[in-house]
Amino acid sequence: MSVSNLAPDIAARLKRSPEGLVPAVVQQHDTGEVLMLAWMDDEALHRTLTTREATYWSRSRNEYWVKGATSGNTQRVVSVALDCDGDTLLLRVDQTGAACHTGDRTCFDAGRLL
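Just so it is clear, the model here is predicted, and its values are computed rather than measured.

### Side note on the UniProt feature "domain: Phosphoribosyl-AMP cyclohydrolase" (unreviewed entry) in the protein chain
Then, in step 1: The sites that carry the UniProt feature "domain: Phosphoribosyl-AMP cyclohydrolase" (unreviewed entry) are, in the present numbering, residues 36-108.
Then, in step 2: Summarising residues 36-108: 14% helix, 38% strand, and an end-to-end C-alpha distance of 7 Å.

### A closer look at a nonpolar patch on the surface
Then, in step 1: Residues V34, L37 and F108 make up a contiguous nonpolar surface patch of roughly 280 Å² in combined accessible area.
Then, in step 2: Residue placement: V34 occurs in strand 2 (residues 34-40).

### Section: the nonpolar core
Then, in step 1: Residues V26, M36, M40, Y56, L89 and L91 are the most contacted members of the largest nonpolar core, which totals 22 residues.
Then, in step 2: Only strand 1 (22-28), strand 2, helix 2 (42-51), strand 3 (55-58) and strand 6 (89-95) provide two or more residues apiece to this core.
Then, in step 3: Among the elements that make up this core, the one with the highest residue count is strand 2 (four residues).
Then, in step 4: Sequence-distant contacts of M40, defined by excluding residues within four places in its chain, comprise G20, L21, V22, A24, L45, T48, T55, Y56, W57, L89 and L91.

### Examining the environment of R47
Then, in step 1: One can find R47 in helix 2.
Then, in step 2: Of the residues examined, R47 reaches a relative accessible area of 31% and is grouped as partly exposed.
Then, in step 3: On a C-alpha basis, the gap between R47 and S4 in space is 9.1 Å, while along the polypeptide they are 43 residues apart.

### Details of the UniProt feature "binding site: Mg(2+)" (unreviewed entry) in the protein chain
Then, in step 1: Within this structure's numbering, the places UniProt gives as "binding site: Mg(2+)" (unreviewed entry) are D83, D85 and D87.
Then, in step 2: Here D83 lies in the loop between strand 5 (75-82) and strand 6.
Then, in step 3: A residue is classified by how much of its surface remains accessible, and D83, at 27% relative accessible area, is partly exposed.
Then, in step 4: Mapped onto the secondary structure, D87 falls in the loop between strand 5 and strand 6.
Then, in step 5: Apart from residues no more than four positions distant in its own chain, D87 is found in contact with K15, V22, P23 and L82.

### As for the pairing of strand 4 (residues 63-66)
For a regular strand, side-chain orientation follows a simple rule: the groups alternate between the two sheet faces.
Then, in step 1: When strand 3 meets strand 4, the two strands line up antiparallel, connected through four bridges. Opposite Y56, over in strand 4, you have W65 as the bridge partner.
Then, in step 2: Hairpin connection from strand 3 to strand 4: four residues lie between these consecutive antiparallel strands, with N62 at a positive phi of about 55°.

### Digging into the state of the cysteines
Then, in step 1: Counted by the stated rule, this structure contains zero disulfides.
Then, in step 2: The thiol of C100 is unpaired, and the distance to the nearest cysteine sulfur, on C107, comes to 3.3 Å.

### Digging into the sheet that holds strand 5
Then, in step 1: Spatial strand order, 2-1-6-5: four strands in an open sheet with mixed pairing. The outermost strands of the open sheet, each flanked by one partner alone, are strand 2 and strand 5. Strand-to-strand, the axes of this sheet are offset by a mean angle of 25°, without reference to chain direction.

Cut-offs and rules
Residues numbered from 1 in each chain as written. Predicted model: local features only at pLDDT ≥ 70, side-chain atom pairs only at ≥ 80, totals over all residues. Heavy atoms only, no water. UniProt positions renumbered as here; feature names shortened; annotations may be inferred. Helix = DSSP H or I, 4+ residues; strand = E, 2+ residues; numbered from the N terminus. Patch = residues over 30% accessible without salt bridge, like charges linked within 9 Å, V, L, I, M, F, W, Y side chains within 5 Å. Areas by Shrake-Rupley, 256 points an atom, 1.4 Å probe, with all protein chains shown as cover. Salt bridge = Lys/Arg side-chain N within 4 Å of Asp/Glu carboxyl O. Core = buried A, V, L, I, M, F, W, Y, C linked by side-chain atoms within 4.5 Å. Buried < 20%, exposed > 50% of the residue type's maximum accessible area, 1.4 Å probe, protein only. Contact = heavy atoms within 4.5 Å. Pairing = 2+ DSSP bridges. Disulfide = S-S within 2.5 Å. Axes fitted to C-alpha atoms, helices over the stretch in contact; angles between N-to-C directions.

Pasting the structure below:
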């Protein structure tokens, strides 16, 4: 993770995990469909707000990734909201193609538990 250019007023509102991360719930902007959950640090959030391309922190690869940069399954960010506790982000996006790395539309297609 790198030094961030995130606006100080936004950074001050975030409650991060010990690793400096905030979960980001990703939702299709026009249908409300929940697509995936990813992680962001301050710099990923800054890049997302600046470019409107969903940028996340990969915990497994220890690097930033822009959704769709290699797959073509992009997320154009329509809005970003912070929950009342400051510990979760909600990204509303326009998803092109599959959101899940398995090729499914959503990461929540694995089956209902209830």
